[in-house]
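Residue-level listing of the chains:
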Amino acid sequence: MRRWAGALRAAAAAASGPRSGSGGFRARFDFGSRDAASWFPGHMAKGLRQMRASLRRADCLVEVHDARIPLSGRNPVLQEVLGIRPHLLVLNKMDLADPYQQTRVLEQLRQQGCSHVIFTECQQDSNVKKIVPLVAKLVSSSPRYHRAEVRKGREAAAWGCPLVECSPCTCPPCFQNAEYSIMVIGVPNVGKSSLINSLRRLHLKKGKATAVGGEPGVTKAVLTRIQVCEMPLVYLLDTPGVLPPKLVDVETGMKLALCGAIHDHLVGEDIMADYLLYVLNRQQQFGYMERYGLPEASDNIRHVLKYVALTLGKTQKVKVLTGTGNVNMMMLNYSAAAYEFLRAFRAGHLGRVTLD
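In this text, all values refer to a predicted model and were calculated from it rather than measured experimentally.

1. Overview of the packing of aromatic side chains
Right, on to step 1. Considering all chains together, one arrives at six aromatic pairs under this definition.
Right, on to step 2. Between phenylalanine 25 and phenylalanine 286, the aromatic rings sit 6.0 Å apart at their centres with planes inclined by 40°, giving tilted as the arrangement. Of this pair, phenylalanine 25 sits in the loop between helix H1 (2-11) and helix H2 (42-54) while phenylalanine 286 is found in the loop between helix H11 (269-282) and helix H12 (287-292), placing the two residues 261 residues apart along the sequence.
Right, on to step 3. Note on phenylalanine 25: relative accessible area 11%, which makes it buried.
Right, on to step 4. Aromatic pair phenylalanine 29 and tyrosine 278: ring centres 5.6 Å apart, planes at 50°, arrangement tilted. Placement of the pair is phenylalanine 29 in the loop between H1 and H2 and tyrosine 278 in helix H11, with a sequence separation of 249 residues.
Right, on to step 5. On the basis of relative accessibility, which here comes to 7%, the residue phenylalanine 29 falls in the buried class.
Right, on to step 6. A network of ring pairs unites the aromatic residues Phe25, Phe286 and Tyr288 as a single cluster.
Right, on to step 7. Lying over the aromatic face of tyrosine 334, arginine 302 brings its terminal NZ or CZ to 3.8 Å of the ring centre.

Rendered as structure tokens:
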């Protein structure tokens, strides 16, 4: 676990990088030449084994990923499994990503062979209602690997039932008896449990069935089936977020950390804040200037964090040894300021940003 933190800290030590971009901003963020080792605790390894064992019960795989990093950070170990089941990619937290990048993202995903993609925002249930109809369509048009209901699924599709809008009295008997088991997979803290709860709100008018949180690792076990819809009958399997045992590069790890897939303290808030500032300046997202009262954009993270600390009153008492004894002095708390800078990004207060 600590190897990942050490690698990122050392690799980003030279984060000042060359400054040949517009306005004197860094043209690139220099991570050095080190490799990044992943945060891969025991519950992830166990969860991955359980997910593989539970695949025989799944008719469809719904992969949930953060819309701010739609092209990077997806677990290749999970993607190996996707070829044996119908697959839907849900890019959650769309309210925090740049909406003008959606067309480009969809085209790049299509070129990678991912043709079924839905952008969602589970807090407001945005676009979530599209998931059940699409899953039913994907399953009914694919071989049913372990069910005797293959005939029922095809007959239901032939009826052309509108799925969500229909009522039990208007649906054909074969569709009323259809049952779908969906496994929800993805890296940590992308909103898998939030998606399940959102589906239950929409289709069953019921509350939370699984715990959610803003930190990675809230779900640590493959749970029993959770019903999310009655017509058609849909059950979901919530799974723990699983990172790859080894990341491709340091920048991918940094993006995952910024989106909360890896605990901040394993990487370092100061380094993460510096990379975030680099991204914001590169994309000309200067919302931090108005939020923290900077007179102009800056590529110096310590200068920016000074204004963050002053604006939010982040100070700390420090003892200074003088010739007359110890003196307590109030100084700016740059670590607390870096933490608040990251929180503001994750809440969307610094603008809607797509990191890829």
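2. A short note on the pattern of salt bridges
Right, on to step 1. Using the criterion set out here, one finds nine salt bridges in the structure.
Right, on to step 2. Across the pair glutamate 63 and arginine 74 runs a salt bridge, and its minimum N-O distance is 2.9 Å. Of this pair, glutamate 63 sits in strand E1 (residues 60-66) while arginine 74 sits in the loop between E1 and helix H3 (76-82), and the two are 11 residues apart along the sequence. Arginine 74 matches glutamate 63 in its accessibility class, with the two residues each being buried.
Right, on to step 3. Residue glutamate 340 pairs with arginine 343 through a salt bridge whose shortest N-O separation is 3.8 Å. Of this pair, glutamate 340 and arginine 343 both sit in helix H14 (residues 334-346), three residues apart, roughly one helical turn.
Right, on to step 4. Residue classification places arginine 343 among the partly exposed positions, given a relative accessible area of 45%.
Right, on to step 5. A single network of salt bridges, built from pairs that share partners, joins Arg26, Asp274 and Asp299.

3. Description of the packing of H11 against H14
Right, on to step 1. Between H11 and H14, whose axes approach to 9 Å, the crossing angle comes to 50°. Taken together, the axes of H11 and H14 are oblique relative to one another. Crossing handedness for the pair H11 and H14: left-handed. On the side of H11, the interface is formed by Glu269, Asp270, Met272, Ala273, Leu276, Leu277 and Leu280, while H14 contributes Ala338, Tyr339, Phe341, Leu342, Phe345 and Arg346.
Right, on to step 2. Across the contact of H11 with H14, the residue classes break down as 10 nonpolar, no polar and three charged.

4. Some remarks on the environment of aspartate 125
Right, on to step 1. Relative to the helices and strands, aspartate 125 is located in the loop between strand E3 (117-119) and helix H5 (131-140).
Right, on to step 2. Here the alpha-carbon distance between aspartate 125 and arginine 201, two residues 76 residues apart in the chain, equals 8.5 Å.
Right, on to step 3. Aspartate 125 has contacts with Ser198, Arg201 and Leu202, leaving out every residue within four places of it along the chain.

5. Notes on empty space enclosed by the protein
Right, on to step 1. Scanning all chains against the criterion turns up three cavities of 30 Å³ or more.
Right, on to step 2. In this model, the second largest cavity occupies a volume close to 50 Å³.
Right, on to step 3. Within the lining of the second largest cavity, the residues separate by chemical class into six nonpolar, three polar and one charged.

6. As for the sheet that holds E3
Right, on to step 1. Strand order in this open sheet of six strands is E3-E2-E1-E4-E6-E5, and the pairing throughout is mixed. Single-partner strands in this sheet number two, and they are E3 and strand E5 (226-229). Averaged over all adjacent pairs, the angle separating strand axes in this sheet is 30°, with direction ignored.
Right, on to step 2. With three bridges joining them, E5 and strand E6 (residues 233-237) adopt antiparallel strand pairing. Bridge assignment links isoleucine 226 to a residue of E6, and that residue is leucine 236.
Right, on to step 3. Across the sheet, H5 lies against E1, strand E2 (87-92), E3, strand E4 (179-185), E5 and E6, angled at about 160° from E2, the strand it touches most.
Right, on to step 4. Contacts between helix H8 (residues 192-204) and the sheet are confined to E1, E4, E5 and E6, with E5 contributing the most and set at about 50° to the helix.

Thresholds applied
Residues numbered from 1 in each chain as written. Predicted model: local features only at pLDDT ≥ 70, side-chain atom pairs only at ≥ 80, totals over all residues. Heavy atoms only, no water. Phe/Tyr/Trp six-rings, centres within 6.5 Å; stacked < 30°, edge-to-face > 60°. Helix = DSSP H or I, 4+ residues; strand = E, 2+ residues; numbered from the N terminus. Buried < 20%, exposed > 50% of the residue type's maximum accessible area, 1.4 Å probe, protein only. Lys NZ or Arg CZ within 6 Å of the ring centre and 35° of its normal. Salt bridge = Lys/Arg side-chain N within 4 Å of Asp/Glu carboxyl O. Axes fitted to C-alpha atoms, helices over the stretch in contact; angles between N-to-C directions. Parallel < 35°, antiparallel > 145°, perpendicular 65-115°, else oblique. Left-handed = near helix turned anticlockwise from the far one by under 90°. Contact = heavy atoms within 4.5 Å. Nonpolar A, V, L, I, M, F, W, Y, C, P; charged D, E, K, R; others polar. 1 Å grid on protein atoms, 1.4 Å probe; cavity = no way out; pocket = protein on both sides within 12 Å on 5 of 7 lines; lining within 4 Å. Points joined across faces, edges and corners; volume = space filled by probe spheres on them. Pairing = 2+ DSSP bridges.

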